[in-house]
Amino acid sequence: MHSLFDDEPPVIRVALPVPLTRCFDYILPPNLQNTYLPLGARVRVPYRNRTLVGVVMARQVSPDIPLEKLKPLTEVIDDASLLDDHQLALAKWLARYCHGPVGEVISMMLPAPLRQGAAAHIQEETYWMATQSGRALEPEKMHRAPKQAELLRALQKHQQPVAATMLRSLGFTSTQMAALEDKGLAERYLQSRHLEGRDHETPSVLAEIPLQLNDDQKHVVSEVTGQLGQSEVFLLEGVTGSGKTEVYLQVIEAVLKQGRQVLVLVPEIGLAPQTVNRFKKRFSVPVMTLHSGLNDKERLDAWLLARDGRAGVLIGTRSAAVTPFKDLGLIVVDEEHDASYKQGDGIRYSARDLAIVRGKMLSCPVVLGSATPSLETLHNATEKRFQWLKLTQRVGSSVQLPDIYLHDIQNKKLTNGIDGGLLQVMRTHLEQGGQVLAFINRRGFAPALMCHDCGWVSDCPFCDARMTLHREPPRLHCHHCDSVSAIPHQCPKCFNSELKPVGSGTERMEETLEQAFKDWPVFRVDRDTVSKKGMMEKLLARVNTEEPCVLVGTQMLAKGHHFPGVSLVVVLDADGGFYSSDFRGLERMGQLLTQVAGRAGRERRKGKVVVQTHRPDDPLLKLLAQHDYSEFSRCLLEERKDTLLPPYSFMAIIRAEANQSDLVSGFLTDVVQAAAPVTSQIEGLEVTGPVPSPMERRFGRYHMQIWLICDRRGPLHQGISCLLELINRHPLQRKVRWSLDVDPQELI
DNA sequence: AGCACGCCGACT
DNA sequence: GTCGGCGTGCTC
Ligand SMILES: [Zn+2]
Ligand SMILES: [Zn+2]
């Protein structure tokens, strides 16, 4: 709105990274009134007694507080919009969805240097390339300038521009480079080092010939490429080895040929160099990555190159979902069911869901790929909101699905978590020259230490949990609060000197298997071994020799790296999903088991999977053993429908914690009771709680939650707004930390 | 969230 | 007398 009077100073509305769900207005001082200041540009503003970086959300606003209370802004940082209209619309959408401040959402979207006000310009470096006449000239003829001749000879060897820094490290000087330029023999280029001489404007997109597709793949590629420019969501369901990646590559190729950009989302661990290299090898356009392994500068460059349309393909983990693009033509979400797509703190968004929202806003297709789609996605596909495409044929004729055996351990005495019969199966397999993969879902030596005389257990002093016994290095370690203590030599309660480890983790399994198989090496892969630098590379090299060995580890082994020599996979604790307090426990178990099975015998020989279970007759487990994830998921969906849980309802959780349990319960009880007159009138909305979290005490703090479940999103958000309003007015706000999670993935 | 302001106990 | 504990209020 324009000001009522012309002499009133122009006021702008700024989103700031503060936890207050409103924007702040500032006066544009006279000296900045002629500065170009578009929406989405960053400004520096005074805020209380400090200065903050904010983003312009509106101009020429009439402030809701008296004009004399407004402060003038300090500085305009961007001379052009930093975030375009779509990016701002996305931020607003996410802020509404999370019931959070748009300023915090925007702050989350920006790489750290931009948050702090750094210039939004790609650092360009000088590159040199021989011109046509430079290539035609024989350097030997340059008698009077031997150094320049040598430089020209070096440049002639390359078809691509060579970095000036590289030439300098070879002993050439800038004067020599400039001299060649003056003679028209060399040309200078300014470009980002990350582009590796590639250019998105390139006329040819391909750097190699694509693979031949089978009929399934051809059908999928033509379906998706036939609907480019439309906001369609595709579920691409393809079993392990059905050639999903090649389908992605060929759909991406079609988008790149239109001169548009592509975003590829991958799980946290999925960003293996081999995946990225496959993309770089296929395309001649710049392929950038964005993941947690990059430093601030690298992240900023990737972000800017995507925003400026200079990156053709961006492959990234969760946070890449909020990267701006100049002309986005396709989003691929690989392993869409993966839990790492959900941000667990701060702005709790799902990268997969955000991808779908962006697709709708930009009219671009979204491809969700998985061998084990989430129930949410399957439900959307069944309801025809997504187009359901399937890859049923496995690529390569020799590849067969492994046989899966459910190994009954009811009434069996296990030695350190493994049955003697199963050890024999492993031995036979090793004798035949095969590699074995053994999964166990717990790190450490044993999940607890116990006194058999008085019943003392290694409880964590800060959590409702046992401290895990570790041998490397020896310690008791709580996996929930990270507190560490020495291993007691005798029982702290009765002084009995015999304390027994209870249950097995990866370390104990490693030891057990080492003792059982003296002739073959046993390698452990879990967070503790992988974090040691260079260990993983060394291990991969050893395992890739395909000499017989045993790999024991956590889920980490199932994701990421593929081991071609493995033909026996052993799952030691499959029953966890049955006893999980989370209604998604079984779904996760099915996805993990299917993924694990895909690790057995993908090449050459047929694989075998053995699953230790107390429930060999369980119908769901049997379905998984028959490679029937579809029927398995159909059964689970049936169950969710009966219990009216997601995806048959929408859910939100309000979590709260404090150092005293009565503070949390008092706080949440007040809120629920005060809201009841309103929430009980909202049709279909169910408010449950406060209830203690599955592990009430964690790190000395008491956790409780309120559940909101509703059959429609609208009333759910109405209920949330009502509760949050009361929370924000509650006097205990200072002592209780709380958060809202819409569409939670974890119920903890 | 942050950060100032303000009001009480125990220190030089 | 003052240093610092944290309860309270506000941020354009
Ligand atoms: Zn004891
Ligand atoms: Zn703990």
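Above this note sits the structure.
Residues numbered from 1 in each chain as written. Chains lettered and ligands numbered in written order. Predicted model: local features only at pLDDT ≥ 70, side-chain atom pairs only at ≥ 80, totals over all residues. Heavy atoms only, no water.

Asker: Please set out the sheet that holds strand 24 (residues 522–525) residue by residue, giving values where relevant.
Answerer: Taken together, six strands build an open sheet; the order of strands is 17-27-26-18-25-24 and the sheet is parallel. If you trace the sheet from one side to the other, it starts and ends with strand 17 (403–408) and strand 24, each paired once. Within this sheet the neighbouring strands show an average axis-to-axis angle of 20°, counted without direction. Where strand 24 and strand 25 (residues 550–553) come together, four bridges link them in parallel fashion. Opposite Arg 524, over in strand 25, you have Val 552 as the bridge partner. (Pairing = 2+ DSSP bridges. Helix = DSSP H or I, 4+ residues; strand = E, 2+ residues; numbered from the N terminus. Axes fitted to C-alpha atoms, helices over the stretch in contact; angles between N-to-C directions.)

Asker: Could you give an account of the packing of aromatic side chains, with specific residues and numbers?
Answerer: In this description, a pair of aromatic rings is defined by centroid distance and the angle of the planes. Enumeration according to the criterion identifies five aromatic pairs in this entry. Look at Phe 462 and Phe 699: their rings are 6.0 Å apart centre to centre, the planes differ by 80°, and that puts the pair in the edge-to-face class. Remark: Phe 699 occurs in the loop between strand 29 (686–698) and strand 30 (701–710) and Phe 462 occurs in the loop between strand 19 (448–451) and strand 20 (468–471); sequence separation between them is 237 residues. The ring of Phe 445 has Arg 471 lying over it, and the distance from NZ or CZ to the ring centre is 3.9 Å. Between Arg 615 and the ring centre of Phe 578, over which it is positioned, the NZ or CZ distance is 4.2 Å. (Phe/Tyr/Trp six-rings, centres within 6.5 Å; stacked < 30°, edge-to-face > 60°. Lys NZ or Arg CZ within 6 Å of the ring centre and 35° of its normal.)

Asker: Give me the coordination of the zinc ion (ligand 1): which residues, what numbers.
Answerer: Each angle at a metal carrying four tetrahedral donors should ideally be 109.5 degrees, and each at a metal carrying six octahedral donors should ideally be 90 or 180 degrees. Coordination of the zinc ion (ligand 1) by the protein involves Cys 451 (SG), Cys 454 (SG), Cys 491 (SG) and Cys 494 (SG), with metal-donor separations of 2.3 Å. What the four donor atoms of the zinc ion (ligand 1) show is an angle range of 102 to 113° at the metal, which sorts the shape as tetrahedral. The sequence motif formed by the donor residues of the zinc ion (ligand 1) is C-x2-C-x36-C-x2-C. (Donors = N, O, S within 2.8 Å, 3.2 Å for Na, K, Ca; no water. Tetrahedral: all angles 85-135°; square planar, octahedral: opposite > 155°, others 65-115°.)

Asker: Could you give an account of the packing of helix 9 (residues 244–257) against helix 10 (residues 273–282), with specific residues and numbers?
Answerer: For any two helices packed against each other, one specifies the crossing angle of their axes together with the interaxial distance. In the contact formed by helix 9 and helix 10, the axes pass within 11 Å of each other and the chain directions differ by 35°. Helix 10 is crossed by helix 9, and the crossing has right-handed handedness. Residues Thr 245, Glu 246, Leu 249, Gln 250 and Ile 252 of helix 9 form the contact with helix 10, whose own contacting residues are Arg 278, Phe 279 and Arg 282. Of the residues assigned to the contact of helix 9 with helix 10, the class counts are three nonpolar, two polar and three charged. (Left-handed = near helix turned anticlockwise from the far one by under 90°. Contact = heavy atoms within 4.5 Å. Nonpolar A, V, L, I, M, F, W, Y, C, P; charged D, E, K, R; others polar.)

Asker: Mind laying out the protein's contact with DNA strand C, listing which residues take part and the relevant values?
Answerer: Lining the immediate surroundings of DNA strand C are 13 residues, of which Asp 25, Tyr 47, Arg 48, Lys 71 and Arg 734 lie closest. Put simply, 33% of the atoms of DNA strand C that lie within 4 Å of the protein are in sugar or phosphate. Here a phosphate oxygen of DNA strand C sits 3.3 Å away from a polar atom, N or O, in the main chain of Pro 46. Within the side chain of Tyr 47, one N or O atom sits 2.9 Å away from a base oxygen of DNA strand C. (Near = heavy atom within 4 Å. Polar contact = N/O pair within 3.5 Å; in protein donor to acceptor, adjacent residues only side chain to side chain.)

Asker: Could you give me a rundown of the coordination of the zinc ion (ligand 2), with the residues and numbers involved?
Answerer: The zinc ion (ligand 2) binds to the protein through Cys 460 (SG), Cys 463 (SG), Cys 478 (SG) and Cys 481 (SG); the donor distances cover 2.2 to 2.3 Å. Between the four donor atoms coordinating the zinc ion (ligand 2), the angles at the centre fall across 105 to 113°, so the site counts as tetrahedral. Mapped onto the polypeptide sequence, the residues donating to the zinc ion (ligand 2) form the spacing pattern C-x2-C-x14-C-x2-C. Of this pair, Cys 463 sits in the loop between strand 19 and strand 20 while Cys 478 sits in the loop between strand 21 (474–477) and strand 22 (484–485), and the two are 15 residues apart along the sequence. Exposure class is identical for Cys 463 and Cys 478. Each is buried. (Buried < 20%, exposed > 50% of the residue type's maximum accessible area, 1.4 Å probe, protein only.)

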